[in-house]
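For reference, the chains in residue letters:
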Amino acid sequence: MRARLIHYLRHRWAADGGYRQFLTLAIPLILSTAAWSVQHFVDRVFLAWYSTEALAASLPAGMANFVIASFFIGMASYVNTFVAQYVGARRPERVGPAVWQGAYLAILSGLVGLGVAWQSSAIFDFVGHDVAIRDEEVVYFRILCYGLFPLILATTISCFFSGRGQTLTVLAVNVSATALNIALDYGLIFGHWGLPAWGIRGAAWATNIAALFSAVLFIALMLQRRYRDEFATLRGWRPDRDLFRRLVRFGGPNGLNFMFDMVGFSFFILVVGHKGILELTATNLAFSINSLSFMPLMGGAIAVSTMVGLRLGRDDPDAAEYCTWTGLHLALLYMGIMVLAYLSVPQLFLMPYGLAAGADLDEATEMATLLLRVVALYCLFDAVYIVFTAALKGAGDTRYIMYVSIALSWFIMAIPAIIALTYFDASIYVLWAFLCAYIIIASITFYLRFRAGRWRTMRVIEDVRPIEKKPPDSGIRAGH
């Protein structure tokens, strides 16, 4: 048995779409999203040091802003699938135009961000949190809305590199932007290096400046001569009605799914906020820590979508399925390690928040320790959910994902939590149980959708031309 397992792992490591190939593509993306997680983790730590009110306000305001951004992020990030399938189909001249359609989407997002920023006071008057938190929420939300355009533009241009498998470039840009953000956070929150001490306002401006830096750097790299010649990254700037329509057709459901999913989570956060500052702060801590495991997994999801898109572009769904199972194996291994860490050493994750914070944070960290046990319950299911939705998105099955995700997030998580709190004064642990149930049910649902196989015949690009298929290096075909 042991010999057979070793033999299988060796073949899986070397195969086309196997562990080595997946990790080569995914590790830079994982590190990129990990850098994003570290950025937000450090941001929340600094705000915890600054004041409990700033920390409590940062999650609902940040989530509300991300609800607005998520629609455009979902659409813009879907450029990755277009790039991957065009490259797989050996049509590099269509890559540049596909990226430019996402850039036009970024301009639209910036206008929407400005419009929403003007309504920030009304939004948080409706939310109804304590006045001290409400004022901080308004400031944080409004400034983040100003930075929507560079955020979506950076997301779009990064797909030119990730969709072709050039993930080291994505890593380099994101790490640079993260380092800048952290430095600006420290300077603008506390007033170091001659900068103003702006508190939560400084944290928001640091995020916007880093996003702009990232967008400019991605554009400069994409417009290099070698890319202009091969991928039409400059001459493909013109609006393409058909291509933009297909981006909306496939990316739109992805964006709506992302947005309504975030709306469901935001309502969940708002419900928790009505329990009190203690419960809201503890939830903020647990979500911030969970992002350390969740966001790197999103890097793996981008790798799954890219590998599936490349293989479907060359009309090889068996190889696409093989890549998906490879991604799932590694995602479960990673999440299993995180589960053990959450259960055995939760204090290790919570320690940074208490280094320079007041005594009023102690009770919140104790509650967050218990919430991390709930996180541990759903972590493995979260890995299943993320990998299979990534594979389905890589094929173009975005409408199904949208309908199911919206229904489950609202009817399993958000609405039951509202009812439980309003009519039964449920504890925070009961509210979190609905979150856990949502992730478990969604993971099973998308696993069954993937196994049904309808995604095998889906494509997002036009005029797919099958080419001669080459078997994986090791002779292993699709399977677990």
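Model, not experiment: these values are computed from the prediction.

Quick notes on the rules
- Residues numbered from 1 in each chain as written.
- Predicted model: local features only at pLDDT ≥ 70, side-chain atom pairs only at ≥ 80, totals over all residues.
- Heavy atoms only, no water.
- Helix = DSSP H or I, 4+ residues; strand = E, 2+ residues; numbered from the N terminus.
- Core = buried A, V, L, I, M, F, W, Y, C linked by side-chain atoms within 4.5 Å.
- Buried < 20%, exposed > 50% of the residue type's maximum accessible area, 1.4 Å probe, protein only.
- Contact = heavy atoms within 4.5 Å.
- Polar contact = N/O pair within 3.5 Å; in protein donor to acceptor, adjacent residues only side chain to side chain.
- Patch = residues over 30% accessible without salt bridge, like charges linked within 9 Å, V, L, I, M, F, W, Y side chains within 5 Å.
- Areas by Shrake-Rupley, 256 points an atom, 1.4 Å probe, with all protein chains shown as cover.
- Salt bridge = Lys/Arg side-chain N within 4 Å of Asp/Glu carboxyl O.
- Bend = angle between axes of the 7 residues up to and from the residue.
- Axes fitted to C-alpha atoms, helices over the stretch in contact; angles between N-to-C directions.
- Parallel < 35°, antiparallel > 145°, perpendicular 65-115°, else oblique.
- Left-handed = near helix turned anticlockwise from the far one by under 90°.
- Nonpolar A, V, L, I, M, F, W, Y, C, P; charged D, E, K, R; others polar.

K.L.:
Talk me through unusual backbone geometry; I want residue IDs and the actual numbers.
P.N.:
Although it is not a glycine, W193 sits at a positive phi angle of roughly 60°. Relative to the helices and strands, W193 is located in the loop between α9 (167-190) and α10 (200-222). Its identity as a non-glycine residue notwithstanding, D425 has a phi of 50°, on the positive side. The residue D425 is located in the loop between α17 (398-424) and α18 (428-452) in this model.

K.L.:
Now, about the nonpolar core: what can you tell me, with residues and values included?
P.N.:
Counting residues in hydrophobic clusters, the biggest one holds 150 residues, and the most contacted among them are F82, F268, Y342, L431, W432 and L435. Counting residues per element, this core draws most heavily on helix α16 (residues 362-395), which supplies 20 residues. Residue contacts for W432: discarding those within four places in its chain leaves F268, T283, A286, F287, L371, V374, V375 and Y378.

K.L.:
Before we move on, can you summarise the side chain of T324 with the specific residues and values?
P.N.:
Positionally, T324 belongs in helix α14 (residues 317-344). By relative accessible area, which is 0% here, T324 ends up buried. When near neighbours in sequence (up to four residues on either side) are disregarded, T324 contacts V304, V308, V387, F388, A391 and F450.

K.L.:
An account of the side chain of T283 is requested, with residue identities and associated values reported.
P.N.:
You can see T283 is positioned in helix α13 (residues 277-313). The exposure class of T283 is buried, given its relative accessible area of 0%. Among the polar contacts made by the side chain of T283, one reaches the main-chain carbonyl oxygen of E279 at a distance of 3.0 Å. The residues touching T283, leaving out its near neighbours within four places in the chain, are L59, I269, V272, L371, I428 and W432.

K.L.:
Before we move on, could you go through a nonpolar patch on the surface and cite the residues and values that matter?
P.N.:
A surface patch of nonpolar side chains, about 790 Å² in accessible area, is lined by I107, L108, L111, V112, L114, W118, Y146 and F149. When residues of the nonpolar patch are assigned to their parent elements, the largest contribution, five residues, is made by helix α5 (residues 95-117). Under the relative-accessibility criterion, F149 is labelled partly exposed at 33%.

K.L.:
Could you give an account of the environment of I386, naming the residues involved and the relevant values?
P.N.:
Considering the arrangement of structural elements, one finds I386 in helix α16. Taking the relative accessible area as the measure of exposure, I386 reaches 3% and is therefore buried. Distance from I386 to A48, taken between C-alpha atoms, is 30 Å for residues 338 residues apart in sequence. Every residue in contact with I386, bar those within four places of it in the chain, is listed here: F294, L297, M298 and A301.

K.L.:
Any details on helix α12 (residues 241-273)? Residues and values, ideally.
P.N.:
The principal kink in α12, of about 40°, is found at G251, preceding the proline P253 by one to four residues. Measuring from the backbone nitrogen of D242 back to the side-chain oxygen at the start of α12 gives 3.2 Å, which picks out D240 as the cap.

K.L.:
Can you break down the packing of helix α3 (residues 52-77) against α12 residue by residue, with the values?
P.N.:
To characterise two packed helices, one gives the angle between the axes of the helices and the distance between these axes. Packing of α3 against α12 brings their axes to within 6 Å, and their N-to-C directions diverge by 165°. Comparing their axes, α12 and α3 come out roughly antiparallel. Judged by the twist between their axes, the crossing of α3 over α12 is right-handed. Residues belonging to the contact of α3 with α12 are distributed by class as follows: 19 nonpolar, eight polar and no charged.

K.L.:
Residues and numbers for the pattern of salt bridges, please.
P.N.:
Across all of its chains, the model carries ten salt bridges by this definition. Between R449 and D397 there is a salt bridge, with the nearest N and O atoms lying 2.8 Å from each other. On the criterion of sequence distance, the pair formed by R449 in helix α18 and D397 in the loop between α16 and α17 is long-range, its members being 52 residues apart. Of the two residues examined, R449 and D397, each falls in the buried class. Among the charged side chains, a network of salt bridges with common partners joins D318, E321, R451 and R456.

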